[in-house]
Amino acid sequence: MRYGEWAARADHRILAGAHAHGRRPAVAAAARALSFGGEHGALWLAVGLAGAALDPPRRGGWLRGTALVGAAHLASMGLKRLVRRPRPHPGAYPPLVRTAGRHSFPSSHAASAAAAAVAFAALRPPTRPVAVPAAAAMCLSRLVAGVHYPTDVAAGALLGAATATAGRAWVRAGGPAAAGRTAVLTGAVTAARGGGRG
């Protein structure tokens, strides 16, 4: 068996196993809620904006992290238009949710979720125990819902994580540490000017 055939079969086996859990009402309800919340990265954009509002010392970082989430989502949408992979056949995998488009690769839900987990955890490390499992649940929900193959989700997660990792230093710029350094420099300049006048 060639690698491509093996990978395709593995894709279907994993999807079938995950999708089967959607027969349980509680699991199906959770998958629908996560899929709805993750549409166009809405949940993660809302988290970033809430962080900016509630954490003034890191407001700029939250906004930059939110921008990276948006960038990851847009990049995934662009790749979908290039690859144009169809979504799993609805006859084999009856979808639990409606989708915004017909194309499957990569998963935009996974891209925005992974970008948020990396960017927000870099900004506020204590959020990592919540952000990472939440992003993983978002990714898994797309398989349970039957609207993505595992390779779609993996590619989206890698794209989102890479986007946020590339901008990690930008997210951290201007945080409390930078503000502290600015205050020290400002104080030093003020003291020097005062000394010159005296």
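Residues numbered from 1 in each chain as written. Predicted model: local features only at pLDDT ≥ 70, side-chain atom pairs only at ≥ 80, totals over all residues. Heavy atoms only, no water.

1. Quick word on helix α4 (residues 59-83)
Relative to the 36 Å expected for 25 residues at 1.5 Å per residue, α4 spans 36 Å between its end C-alpha atoms, a close match to the ideal helical length. Within α4, the full set of buried residues consists of G61, W62, R64, G65, T66, L68, V69, A72, H73, S76 and K80. (Helix = DSSP H or I, 4+ residues; strand = E, 2+ residues; numbered from the N terminus. Expected span 1.5 Å × (residues − 1). Buried < 20%, exposed > 50% of the residue type's maximum accessible area, 1.4 Å probe, protein only.)

2. Notes on the packing of aromatic side chains
In the structure shown here, the tally under the stated rule is one aromatic pair. The interplanar angle of 45° and the centroid separation of 5.1 Å between the aromatic rings of W62 and F120 together place this pair among those described as tilted. Of the two residues, W62 is situated in helix α4 and F120 in helix α5 (residues 108-123); the sequence distance between them amounts to 58 residues. For W62, a relative accessible area of 8% translates into the label buried. Taking relative accessible area as the criterion, F120 reaches 4% and is therefore assigned buried. (Phe/Tyr/Trp six-rings, centres within 6.5 Å; stacked < 30°, edge-to-face > 60°.)

3. Overview of the nonpolar core
Membership of the largest hydrophobic core comes to 19 residues, with the highest contact counts inside it found for W44, V69 and F120. Among the elements of the structure, α3 (42-54), α4, α5 and α6 (128-144) are those that each provide at least two residues to this core. No other element matches α5, which puts eight residues into this core. Core analysis: the second largest hydrophobic core is formed by eight residues, A110, L143, Y149 and V153 among them. (Core = buried A, V, L, I, M, F, W, Y, C linked by side-chain atoms within 4.5 Å.)

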